Amino acid sequence: MGNSGGSLTTRATGELHQLMRAAGFRGIDEAETLAEGWQVADFADAGQRSMANLVRHTGTPALMVSFHDSDVGFVEGLTPDGNSWEGLLNREMAESYEIPLEHFPLEPAVAGALAWSAAAGLTPDEEAVRRTLTGSALFVEELSSALLVALGLPGAAQKIA
């Protein structure tokens, strides 16, 4: 299983590309603006503390999805107060890669996603979050985009439309 980079979503008042580079992300694509200051940028690689560095610097929640072969997505959410959550996208495909699903229990992931969304001042759709975290897609990036919509990110629905 090869790594094919990831995607970072956060609310930033500055140039996200520069903020990400300073936090330790590498191979960063141009950021896409959603709405209300939310931005998404793809990256090739991130250091172990890159997202934490970014959240500490911006003071806003961030969501990172690391893609593996466009088949599986490892989700990490972090808020400025240090609350974090993890989830897995495309569980069926992850199982075929022998990724231990028990390391990514569904209920804590749903609860964490909802808490992250609330901390970000958003209104999530619990059923859509659950559907996304249990769903499957040919390309995991589709599930990643659906997760942004489910979490209530403004402008995310137009991004995937």
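Our subject is the structure listed above.
As the structure is a computational prediction, the values presented were derived from the model and not from experiment.

Rules used throughout
Position numbers for residues count from 1 along each chain, tracking the sequence in the order it is written. Only residues with pLDDT of 70 or above have their local features reported here, since the model is predicted, and side-chain atom pairs are shown and tallied only from 80 upward, although totals for entire chains, interfaces and linings are computed over all residues. Where side-chain values are given, they derive from all heavy atoms of the structure, hydrogens and water being excluded. Secondary structure elements are taken from DSSP: a helix is a run of H or I of four residues or more, a strand is a run of E of two residues or more, and numbering for both begins at the N terminus. In this description the radius of gyration comes from C-alpha coordinates, and the expected globular size is given by 2.2 Å times residues to the power 0.38. Each residue's exposure class comes from its accessible area (1.4 Å probe, protein chains only) as a fraction of the maximum for that residue type: buried when under 20%, exposed when over 50%, partly exposed otherwise. The contact criterion used is simple: two residues touch if any of their non-hydrogen atoms lie within 4.5 Å. Using a 1.4 Å probe, the Shrake-Rupley method yields the accessible areas, and only the shown protein chains count as cover for residues. As used in this record, nonpolar core signifies buried Ala, Val, Leu, Ile, Met, Phe, Trp, Tyr and Cys residues forming a set joined through side-chain atoms within 4.5 Å. Two strands pair if DSSP finds at least two bridges between them. Any two rings among Phe, Tyr and Trp, with Trp reduced to its six-membered ring, count as a pair given centres within 6.5 Å; such a pair is stacked if its planes are under 30 degrees apart, edge-to-face if over 60, and tilted if neither. Axis lines are fitted to C-alpha atoms, over the contacting stretch for helices. Their N-to-C directions set the angle, which ranges from 0 to 180 degrees. Roughly parallel means an angle under 35 degrees; roughly antiparallel means over 145; roughly perpendicular covers 65 to 115; every other angle is labelled oblique. Helix crossings get a hand from a simple test, with the near helix turned counterclockwise from the far one by less than a right angle marking a left-handed crossing and a clockwise turn marking a right-handed one. In this count, Pro and Cys sit with the nonpolar residues alongside Ala, Val, Leu, Ile, Met, Phe, Trp and Tyr, while Asp, Glu, Lys and Arg are called charged and the others, Gly among them, polar. In this analysis the probe radius is 1.4 Å and the grid spacing 1 Å, with only protein atoms considered; a cavity is a set of points the probe fits into but cannot get out of, a pocket is an open set with protein on both sides within 12 Å along at least five of seven lines, and lining residues have an atom within 4 Å of a point. Grid points are joined across faces, edges and corners, and a volume is the space filled by probe spheres set on the points.

A. Up close: the overall build of the chain. Helices and strands together make up the secondary structure of the chain, namely 7 helices and 8 strands. For 161 residues, the compact-globule estimate of 2.2 N^0.38 gives 15 Å, and the chain sits close to it at 14 Å. Considering only C-alpha atoms, the chain reaches an extent of 40 × 35 × 30 Å along its principal axes. Scored against the burial criterion, the 161 residues of the chain give a buried share of 50%. Here the contacts in the chain between residues at least 6 apart in sequence split such that 56% fall between residues at least 24 apart. For the chain, the accessible area works out to roughly 7700 Å², and carbon and sulfur atoms hold 49% of it.

B. Local environment of the nonpolar core. In this structure, Leu63, Trp85, Trp116, Leu151 and Leu153 are the most contacted members of the largest nonpolar core, which totals 28 residues. Dropping the residues within four chain positions of it, Trp116 is found in contact with Trp38, Pro61, Ala62, Leu63, Gly77, Leu78, Thr79, Trp85, Leu122, Leu151 and Leu153. The next biggest cluster of nonpolar side chains, apart from the first, holds 17 residues, and it includes Ala23, Leu54, Ala62 and Leu78.

C. Fine view of helix α6 (residues 140-150). Every buried residue belonging to α6 is among Val140, Leu143, Ser144, Ser145, Leu147, Leu148 and Ala150, and all of these are buried. A positive phi of about 90 degrees marks Gly152, the residue just after α6.

D. Expanded view of the pairing of strand β8 (residues 84-89). Here 6 bridges tie strand β7 (residues 72-78) to β8, and the two strands are oriented antiparallel to one another. Note that in β8 the partner of Glu76 across the bridge is Glu86. Linking β7 to β8, which pair antiparallel, is a turn of 5 residues; within it Gly82 sits at a positive phi near 95 degrees.

E. Up close: the environment of Asn83. Position of Asn83 among the secondary structure elements: in the loop between β7 and β8. Linking Asn83 and Val110, residues 27 residues apart in sequence, is a C-alpha distance of 14 Å.

F. Representation of the packing of aromatic side chains. Per the counting criterion, the structure on display carries 3 aromatic pairs. An angle of 55 degrees between the planes, with centres 6.0 Å apart, marks the rings of Trp38 and Trp116 as tilted. Of the two residues, Trp38 is situated in strand β4 (residues 38-43) and Trp116 in helix α4 (residues 106-119); the sequence distance between them amounts to 78 residues. For the pair shown, Trp38 and Trp116 are each scored as buried.

G. Representation of the packing of helix α5 (residues 126-134) against α6 in the model. At a minimum axis separation of 9 Å, α5 and α6 run at an interaxial angle of 165 degrees. The angle between the axes of α5 and α6 places the two elements in the roughly antiparallel class. For the element pair α5 and α6, the recorded crossing hand is left-handed. Seen from α5, the contacting residues are Ala128, Val129 and Thr132; seen from α6, they are Leu143, Ala146, Leu147 and Ala150. Considering only residue class, the contact of α5 with α6 consists of 6 nonpolar, 1 polar and no charged.

H. Expanded view of the layout of surface pockets. Roughly 260 Å³ of internal volume is contained in the largest pocket. Along the wall of the largest pocket there are 19 residues; nearest its centre are Gly47, Gln48, Met51, Met64 and Glu76. Going through the elements one at a time, β1 (3-11), β5 (45-46), α2 (50-58), β6 (62-68), β7 and β8 are the ones with two or more residues in the lining of the largest pocket. Grouping the amino acids of the lining of the largest pocket by side-chain chemistry returns 8 nonpolar, 7 polar and 4 charged.

I. Summary view of the environment of Gly14. Positionally, Gly14 belongs in the loop between β1 and α1 (16-23). Between the C-alpha atom of Gly14 and that of Ala35, which follows or precedes it by 21 residues, the distance is 14 Å. Each residue touching Gly14, except ones within four places of it in the same chain, is listed here: Leu19 and Gln39.

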